[in-house]
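# Observations on chain architecture
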Amino acid sequence: MTIFNLFLNLLFLQDVEMADTFRSDGKIYVVVIVISIVLAGLFIYLWTLDRKISKLEKEIKNQ
Amino acid sequence: MKKTWWKILTVILLFYVVIWGLLGPVPRQPILNETIRNVYFHVPMWFSMMTLMVTSLVYSIKYLRKGRINDDTYALGFASVAIVLGIIGFVTGSAWGNFTWGDPLPRDPKLIAVEVGMLIYSAYFVLRGSFEDEQKKARLAAVYNIFAFATFMPLVWILPRLTDSLHPGNGGNPAFGKYDMDNAMKIVFYAANIGWILMGVWVSSLVIRIRLVQNQLNEKN
């Protein structure tokens, strides 16, 4: 009977374990905030690098 | 900074992907569970890598036709960032496979093909290092780049389909439909691909510009 139930579960994809409690706690937003900060830091770094290279290019052109 | 709009688009797209990729709804599937969200981060690495490889190939052909050393610098920049993305794709894939396939490095045709392909591409950089003369180095590297591309693509795209792979969308002749995604996921997936491709182009443009500045400095000295 249990095997049959398992088969049914697989068939209808009902009781598939997901991070539901984790999500209902609301703490998932903390993770999203942390990753967003990391991404923002990376982008700011890329942006400043981009500007520095632009300055170098201008300097070389004016030499 | 010239033409900043696409850089801003990159930032917006990737923030959307990270935030909605984690919070958005995904289909409930056994074994995969929440890890299906890796599709937004692991798969775009490969798409981004392929795009940069194609661009690198175009510049290599351009160099062979016109003989301008700058085109070779472009080809090198795109190829080197492509390899970095490939390594990230490989490592993320083995982390994901460790939990869903039960093995970080299973004997999967797609994995073996990629390993061979990456070795072929790494020989491109070894080859470059072994020449002193600029033009000779550039010409041989360009020819080898065409060869590497022509070997890599069939290895990764065609060969795994002739046998059977653990990767979805391999074995037989399937299309995108086999990725287990619903429509809500597809929107994020496409945004992720565009975002990560743009990110790859951005980083390689920085690498290329530094090398161009270096070239100019070398000419002056």
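Bear in mind that the values here come from a model prediction, so they are computed numbers and not experimental data. (Residues numbered from 1 in each chain as written. Chains lettered and ligands numbered in written order. Predicted model: local features only at pLDDT ≥ 70, side-chain atom pairs only at ≥ 80, totals over all residues. Heavy atoms only, no water.)

### Considerations on the overall build of chain B
As a reminder of what qualifies: Counting from the N terminus, the helices are the DSSP runs of H or I reaching at least four residues and the strands are the DSSP runs of E reaching at least two. Two residues form a contact once any of their heavy atoms are found within 4.5 Å. Only the protein chains shown count as cover for residues, and all accessible areas are computed by the Shrake-Rupley method using a 1.4 Å probe.
In terms of regular secondary structure, chain B is built from six helices and zero strands. Helices (α) and strands (β) of chain B occur, in sequence order from the N terminus, as α-α-α-α-α-α. Within chain B, contacts between residues at least 6 apart in sequence are counted, and of these 75% link residues at least 24 apart. With the model as given, the accessible surface of chain B reaches about 11100 Å², and the carbon-plus-sulfur share is 66%.

### Re the side chain of B:D71
With respect to the element layout, B:D71 can be found in helix α3 (residues 69-100). In contact with B:D71, other than residues within four places in its own chain, are B:Y59, B:K62 and B:Y63.

### Brief notes about the confidence of the model for chain B
A low pLDDT means the predicted coordinates there should not be read in detail. The criterion, for reference: Think of pLDDT as the predictor's per-residue confidence, scored from 0 to 100.
Averaged over chain B, the pLDDT score is 88; the fraction of residues at 70 or greater is 94%. Across chain B, helix α2 (residues 42-66) of chain B holds the top mean pLDDT of 95, while helix α5 (residues 134-162) of chain B sits lowest at 90.

### Details of the packing of aromatic side chains
In plain terms, the rule: Only Phe, Tyr and Trp rings take part, Trp by its six-membered ring, and two of them pair if their centres are within 6.5 Å. Stacked means planes under 30 degrees apart, edge-to-face means over 60, and tilted covers everything else. A 1.4 Å probe rolled over the protein chains alone gives each residue an accessible area, and that area as a share of the maximum for its type sets the label: buried under 20%, exposed over 50%, partly exposed in between.
Under the definition given, this model contains eleven aromatic pairs over all chains. Taken together, a centroid distance of 5.9 Å and an interplanar angle of 90° make the contact between A:W47 and B:W202 edge-to-face. One end of the pair, A:W47, is in helix α3 (residues 28-62); the other, B:W202, is in helix α6 (residues 183-220), on a second chain. Taking 5.9 Å as the distance between ring centres and 20° as the angle between the ring planes, the aromatic pair formed by B:Y59 and B:F78 counts as stacked. Of this pair, B:Y59 sits in helix α2 while B:F78 is found in helix α3, placing the two residues 19 residues apart along the sequence. A relative accessible area of 7% means that B:F78 is categorised as buried. An aromatic cluster of at least three residues, connected via ring pairs, comprises A:F43, A:W47, B:F15 and B:W202.

### Considerations on the pattern of salt bridges
To keep it simple, the criterion reads: Here, a salt bridge means any Lys or Arg side-chain nitrogen found within 4 Å of an Asp or Glu carboxyl oxygen.
With the rule as written, the count across this model stands at six salt bridges over all chains. With its nearest N and O atoms 2.9 Å apart, the salt bridge here joins A:D50 to B:R209. Of this pair, A:D50 sits in helix α3 while B:R209 sits in helix α6, placing the two residues on different chains. The class for A:D50 is buried, based on a relative accessible area of 0%. One salt bridge in this structure joins B:R128 and B:D72, with 2.7 Å as the shortest N-O distance. Placement of B:R128 in helix α4 (residues 109-129) and of B:D72 in helix α3 is noted, with a sequence separation of 56 residues between them. With respect to burial, B:R128 and B:D72 carry one shared label: buried.

### Digging into empty space enclosed by the protein
Rolling a probe over the atoms, with the probe sized like a water molecule, indicates the empty space that remains. All names here are of chain B. Selection criterion: Both site types are read off a 1 Å grid over the protein atoms alone. A 1.4 Å probe that fits but cannot get out defines a cavity, while an open set with protein on both sides within 12 Å along at least five of seven lines defines a pocket; lining residues have an atom within 4 Å of a point. Grid points are joined across faces, edges and corners, and a volume is the space filled by probe spheres set on the points. Each residue is assigned to one class: nonpolar for Ala, Val, Leu, Ile, Met, Phe, Trp, Tyr, Cys and Pro, charged for Asp, Glu, Lys and Arg, and polar for all the others, Gly among them.
Under the defined criterion, the tally for this structure stands at one cavity of 30 Å³ or more. If you add up the space inside the largest cavity, you get close to 40 Å³. Every residue along the wall of the largest cavity is listed here: W20, G24, P25, V26, R37, Y40, A184, M185 and V188. Of all the elements, α6 adds the most residues to the lining of the largest cavity, at three residues. Looking at side-chain class alone, the lining of the largest cavity contains seven nonpolar, one polar and one charged residues.

### Quick word on α3(A)
Applied cut-off: In this analysis, the expected span of each helix is defined as 1.5 Å times one less than the number of residues it contains.
Given a rise of 1.5 Å per residue, 35 residues ought to cover 51 Å, and the 52 Å separating the end C-alpha atoms of α3(A) matches this to within 8%. Listed in full, the buried residues belonging to α3(A) are A:I28, A:V32, A:S36, A:L39, A:F43, A:L46, A:D50, A:I53, A:S54 and A:I60.

### A few points about the nonpolar core
The criterion, for reference: Buried residues of nine kinds, namely Ala, Val, Leu, Ile, Met, Phe, Trp, Tyr and Cys, make up a nonpolar core once their side-chain atoms join them within 4.5 Å.
Of all hydrophobic cores here, the largest spans 61 residues; its most connected members are A:F43, B:Y40, B:M49, B:M53, B:Y121, B:Y124 and B:F152. Those elements giving two or more residues to this core turn out to be α3 of chain A together with α1 (5-23), α2, α3, α4, α5 and α6 of chain B. Beyond its immediate chain neighbours, meaning those up to four positions away, B:M49 contacts B:A82, B:L85, B:G86 and B:F152.

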